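# Geometric and topological summary
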Protein chains: 2
Amino acid sequence: MTSVDLEGLARRLPAGRVHEDPAWQAVFESDGLTAFRQHPRGVVIPQSQQEVIDIVRWCHEVGMPFVARGSGTSLSGGSLPVADGIVISLNRMRRILQMDPDNRTAVVEPGVVNLEVSRQAAAHGLYFAPDPSSQKICTIGGNIAFNSGGAHCLKYGMTSNHVLGMKVVTASGELVTLGGPSVESVGPDYTGLFVGSEGLFGIALEITLRLLPKPECFHTVLVGYRSLRAAGEAVSAVIDSGLLPGAMEIMEALAIQAAEAAVDCGYPEGAAAVLIVELEGPAERIESERRQLEAVIEQTDAFASVVAADEVQRAAIWAGRKSAFSAVGKLSPDFLVQDGVVPRKRLGEALERIEAFGKESGLRVANVFHAGDGNLHPLILFDDSKPGELERAEALAGRILRLCIEMGGSITGEHGVGMEKRAYLPEMYDEPTMGLMHRLRAAFDPKQISNPGKMFPGAEAPALQSHGLHPLEKAGVIFRE
Amino acid sequence: MTSVDLEGLARRLPAGRVHEDPAWQAVFESDGLTAFRQHPRGVVIPQSQQEVIDIVRWCHEVGMPFVARGSGTSLSGGSLPVADGIVISLNRMRRILQMDPDNRTAVVEPGVVNLEVSRQAAAHGLYFAPDPSSQKICTIGGNIAFNSGGAHCLKYGMTSNHVLGMKVVTASGELVTLGGPSVESVGPDYTGLFVGSEGLFGIALEITLRLLPKPECFHTVLVGYRSLRAAGEAVSAVIDSGLLPGAMEIMEALAIQAAEAAVDCGYPEGAAAVLIVELEGPAERIESERRQLEAVIEQTDAFASVVAADEVQRAAIWAGRKSAFSAVGKLSPDFLVQDGVVPRKRLGEALERIEAFGKESGLRVANVFHAGDGNLHPLILFDDSKPGELERAEALAGRILRLCIEMGGSITGEHGVGMEKRAYLPEMYDEPTMGLMHRLRAAFDPKQISNPGKMFPGAEAPALQSHGLHPLEKAGVIFRE
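Predicted model only: the values in this text are computed from it and were never measured.

### Thoughts on the overall build of chain A
Summing up its helical and strand segments, chain A has 17 helices and 19 strands in all. When the backbone C-alpha atoms are referred to their principal axes, chain A occupies close to 70 × 60 × 45 Å. Accessible surface, chain A as shown: approximately 16500 Å² in total, 50% of it carbon and sulfur. Taken as two groups, the 44 positive and 60 negative side-chain charges of chain A have centres that lie 2 Å from each other.

Below is the structure:
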């Protein structure tokens, strides 16, 4: 516990920026759907870039740990406070500084909400492609910290593919410029290094985003299968046909049932799995791809197939998928969301083994996943009021992550390592590689004050406490994946 | 000058790996089209990954500078030897270790030639997308060092978009794993950090490449314009229409004339500029895009338009473009190739100013460029036998690079900083940013022995000497951009 008090910081800032009372601490004690709770020492809410810089420089001087935070929708415990540190809340840093339709770029502050960028860009026929399910509330700063994906990253890639440059204050208080206004930058991809660094390197103050022309039209198909394996095989068939859909998602029975109860999405009855495929692009092209897709689906073991006739039906199909995580929460008092990656061609094998793991542990698992890129989201259902169930759920999650590593995949696809998976990072990377990662971190943050305890194992961690829905989740304001 | 002799290294390796005689030194004294010459201390030709590791570890122990080298086609002086260091030639490291058509990946050693990957992948209907004009000879290791592009990077991105993971020996002799077999990796993009690092971080031993399905068909159009501006406006019109061609290239009169003399490519007579647009994809889609492109081109000031009727005509159109650099060499005893980036919408303005700069300096400039992404390649013609012309050419190149910086662009699109542009890096990035870059380098190479003198200004540099074509260039074996 650092003995520095926050008075010194408060004196450097305009009045009303620093909050130390328990009510404020409580607001920031948790993040997304993880089972962690931790009060921070204090909360600071800067209103300008210069204030952010001043805060970080003060933290570096006195050795005060800090966690930068947007909407706190992290699903890996990545935005959790640390006990002896401060939260720097960036929600007031939400200006869109420039919208350049000619060059198809936008310059934004980190607190801008993901969907707001697309809303503002829509006037020019453009949008920001990364679409995490939390996009109505999550911020660009958080997307950058965790290199967020979303259903459409199959076609468009992750956040890192859509960030061209950044003005950053490093954890050591230096103002640096990474990347630039164009895709072709000089030397190493420093922007790509910062994106996905989970808040350990510093704070992005200004971000140049790449915008894409809005697809002229969509073609969204919902297909029902009697087995998960048949749905998985359909995904391979689509990819092998040469089609590149915008999105390709699978939900299995338990998740379907939950979504149906929550948002009445009208998925085919009796499906063991549904597959959502969305094509997008110019009308004429979609017309031809649509025929190709129909022919592929016809060759699979589908028992039902629905094409969205209009935007309302398309929204209904997606509502089921996007509500899945919180909907599953209604089937069970508690659950853990997992996020692993396996090679696409080994999806079927991975799902069978996860099912077996679930049976062995006596816990239910609902699978929802980005099938096109092998990104699994097993939801592990448990009841924390029963002694030992949380621990069993954690152990099951661990087996699933180890399976992903063993299969040549990854312990995270888009949620990040955060608190939750930091113990598994050294199982994926050997000691020399971990050593290099630490040295790169030190280049940004020699004192290890920026989001300490996340990503790397060993540092002080918030307490693991009983699980509950995030207040915003309870209120139905956010749906996350 | 280090006093260590190479005997200690020779003793660690099988016989015949280390070469110190002047004949060997001379073979490696230059790289691509730059005006630098430097004999290395010695040349080492490892035959296995373990030998590369042993060499690097020895260099780190004794502080011996080294330059890893593939085919030496760098256009920025990036693969030039340093006087007191060794060249590690990787041409024997040319195994394709794995070809995985299911997951669309290939695992290769760094000395594999770019085009060889596509040749081997062709049996599975796949190819490796980055296509520098030197692709018949340049190696994957070099592509990684300089994050190479090519005409088709407009649609497919640079090398960094096609490298999933790497096994690397860092300059400090550690064996590390960056990235992995899938696009969704954990944390920061360490792979992206290594790609484009110009050999300053270490040597990639095994590289996992992403392969793409070969386009079903191509539609290649050559359009003639009476002015460069009209050609530039056509590029904007194509992009604004929503089309994303595989490539969009412009050559101006001087370059056309040179290419015509070299390869008889049949470009429209009297053109001030030609535009090459290539669409690629499934037949049905191309049929619809072809019509859209025709309509756009019709609205421009084109005076001639040729569609390649077959693969032979397509090859002829590309032969003109891909031979441009070496062909221009025939118009002038010497020339400098430049490589800058400006925002696409400011291309016309940039070209006008470059023309004015050329007139002021009394030197001819031939422009060839990747128009779709604002990547300029001005070729500055001069005669080194006339006193002061080389210096005037260098000064003109400098003005052009500063113009790129001033316009919000970059001093390199795909050739790298290397020797040639290292003085300009600090004009593009401020001191704190340069400081961060140095610290990141130190995380890989604390002794600064890996390709010293490149990218960053200030270190010892090879001598600038009179310019001449690379021996392979003279023999017509390579055409580079």
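### Description of the side chain of Ser 76 of chain A
Its place among the elements puts Ser 76 of chain A in the loop between β3 (66–69) and β4 (86–89). Here His 415 of chain A takes part through its backbone oxygen, which lies 2.9 Å from a polar atom of the side chain of Ser 76 of chain A.

### Brief notes about helix α16 (residues 431–444) of chain A
For α16 of chain A, spanning 14 residues, the distance from its first C-alpha to its last is 21 Å, which sits close to the expected 20 Å at 1.5 Å a residue. Inspection of α16 of chain A places Thr 433, Met 434, Leu 436, Met 437, Leu 440, Arg 441, Ala 443 and Phe 444 of chain A among the buried residues, and these make up the whole buried set. Lining the buried residues of α16 of chain A we find β8 (163–170), α7 (190–194) and α15 (425–428) of chain A together with β10 (175–179), α7 (190–194) and α16 (431–444) of chain B.

### Observations regarding the interface of chain A and chain B
Between chain A and chain B, the residue contacts involve 60 residues of the former and 60 residues of the latter. Interface of chain A and chain B: buried area, both sides summed, is about 4900 Å²; carbon and sulfur atoms make up 55% of it. Inspection of the chain A/chain B interface yields eight salt bridges. The residue Glu 289 of chain A makes a salt bridge to Arg 285 of chain B at a minimum N-O spacing of 2.9 Å.

### Comments concerning the sheet that holds β8 of chain A
All names here are of chain A. The strand order across the open sheet built from five strands is β5-β6-β10-β8-β9, with neighbouring strands paired in antiparallel fashion. Edge strands, defined here as strands with exactly one partner in the open sheet, are β5 (96–100) and β9 (175–179). Sheet twist, expressed as the average angle between the axes of neighbouring strands with direction ignored, equals 15 degrees. Here β8 pairs with β9 via five bridges, running antiparallel. Each bridged residue has a counterpart across the sheet, and for Gly 165 the counterpart in β9 is Gly 179. Strands β5, β8, β9 and β10 (202–210) of the sheet are contacted by helix α3 (residues 49–62), whose axis makes an angle of about 145 degrees with β10.

### Side note on the confidence of the model for chain A
Residues and elements named next belong to chain A. Averaged over every residue, the pLDDT of chain A is 89; the share at 70 or more is 94%. Confidence, read as mean pLDDT per element, is least for helix α17 (residues 471–474) in chain A (41) and greatest for α3 (98). In this model residues 461–481 is a low-confidence stretch, pLDDT under 50, and it forms 73 contacts with partners more than four residues away in sequence or in other chains.

### Some details on the pattern of salt bridges
Residue and element names in this part refer to chain A. Evaluation of the coordinates by the stated rule reveals 53 salt bridges over all chains. Here Glu 294 ties to Arg 290 by a salt bridge, and the two come within 2.7 Å at their closest N and O atoms. With a gap of four residues between them, Glu 294 and Arg 290 both fall in helix α10 (residues 283–298), about one helical turn apart. Given a relative accessible area of 40%, Glu 294 falls into the partly exposed group. For Arg 290, a relative accessible area of 22% gives the class partly exposed.

### A short note on the packing of aromatic side chains
All chains considered together, the criterion is met by eight aromatic pairs over all chains. Ring geometry for Trp 24 of chain A versus Phe 28 of chain A: centroids 6.4 Å apart, planes at 10 degrees, classification stacked. Assessed through its relative accessible area of 7%, Phe 28 of chain A is described here as buried. Ring pairing ties together the aromatic residues Phe 194, Phe 201 and Phe 444 of chain A, which thus form one cluster. Lys 322 of chain B extends its terminal NZ or CZ atom over the ring of Trp 318 of chain B, reaching a point 6.0 Å from the ring centre.

### Some details on the sheet that holds strand β2 (residues 42–44) of chain A
All names here are of chain A. Ordered by their spatial adjacency, four strands build an open sheet running β1-β2-β4-β3, and the pairing between neighbours is mixed. Because the sheet does not close on itself, it has two edges, and the strands there are β1 (18–19) and β3. With two bridges connecting them, β1 and β2 associate as antiparallel partners. Among the inter-strand pairings, Val 18 is bridged to a residue of β2, identified as Val 44. Along the sheet, α3 contacts β2, β3 and β4; its crossing angle with β4, the most-contacted strand, is approximately 165 degrees.

### Some thoughts on the environment of Ala 129 of chain A
Inspection of the secondary structure assignment puts Ala 129 of chain A in the loop between β7 (126–127) and α5 (140–146). Filtering out sequence-adjacent residues up to four positions away, Ala 129 of chain A remains in contact with Tyr 156, His 162 and Leu 212 of chain A.

### Overview of the side chain of Asp 131 of chain A
All names here are of chain A. Assignment of secondary structure puts Asp 131 in the loop between β7 and α5. By relative accessible area, Asp 131 is classed as buried at 6%. A polar side-chain atom of Asp 131 sits 3.4 Å from the main-chain amide nitrogen of Ala 151.

### Examining the relation of the copies chain A and chain B
Least-squares fitting of chain A to chain B yields an RMSD of 0.0 Å, with the transformation described by 0.0 Å of translation along the axis and a rotation of 180 degrees. The operation mapping one copy onto its partner corresponds to a two-fold rotation axis. In this assembly, 100% of the residues forming the interface of chain A have copies in chain B that are likewise at the interface, indicating an isologous arrangement.

### Regarding the packing of helix α13 (residues 347–361) of chain B against helix α14 (residues 389–406) of chain B
Residue and element names in this part refer to chain B. Two elements in contact, α13 and α14, have axes separated by 10 Å at closest approach and are oriented at 155 degrees. What the angle tells us is that α13 and α14 run roughly antiparallel. The two elements α13 and α14 meet at a crossing, and its hand is right-handed. Along its contact with α13, which presents Ala 350, Arg 353, Ile 354, Phe 357, Gly 358, Glu 360 and Ser 361, the element α14 presents Arg 392, Leu 396, Arg 399, Ile 400, Leu 403 and Glu 406. Within the contact of α13 with α14, the residues separate by chemical class into six nonpolar, two polar and five charged.

Conventions used here
Residues numbered from 1 in each chain as written. Chains lettered and ligands numbered in written order. Predicted model: local features only at pLDDT ≥ 70, side-chain atom pairs only at ≥ 80, totals over all residues. Heavy atoms only, no water. Helix = DSSP H or I, 4+ residues; strand = E, 2+ residues; numbered from the N terminus. Areas by Shrake-Rupley, 256 points an atom, 1.4 Å probe, with all protein chains shown as cover. Lys, Arg positive; Asp, Glu negative; His and termini not counted. Charge placed at Lys NZ, Arg CZ, Asp CG, Glu CD. Polar contact = N/O pair within 3.5 Å; in protein donor to acceptor, adjacent residues only side chain to side chain. Expected span 1.5 Å × (residues − 1). Buried < 20%, exposed > 50% of the residue type's maximum accessible area, 1.4 Å probe, protein only. Contact = heavy atoms within 4.5 Å. Buried area = accessible area lost by both parts, 1.4 Å probe. Salt bridge = Lys/Arg side-chain N within 4 Å of Asp/Glu carboxyl O. Pairing = 2+ DSSP bridges. Axes fitted to C-alpha atoms, helices over the stretch in contact; angles between N-to-C directions. pLDDT = per-residue confidence, 0-100. Phe/Tyr/Trp six-rings, centres within 6.5 Å; stacked < 30°, edge-to-face > 60°. Lys NZ or Arg CZ within 6 Å of the ring centre and 35° of its normal. Least-squares fit on C-alpha atoms with pLDDT ≥ 70 in both. Parallel < 35°, antiparallel > 145°, perpendicular 65-115°, else oblique. Left-handed = near helix turned anticlockwise from the far one by under 90°. Nonpolar A, V, L, I, M, F, W, Y, C, P; charged D, E, K, R; others polar.

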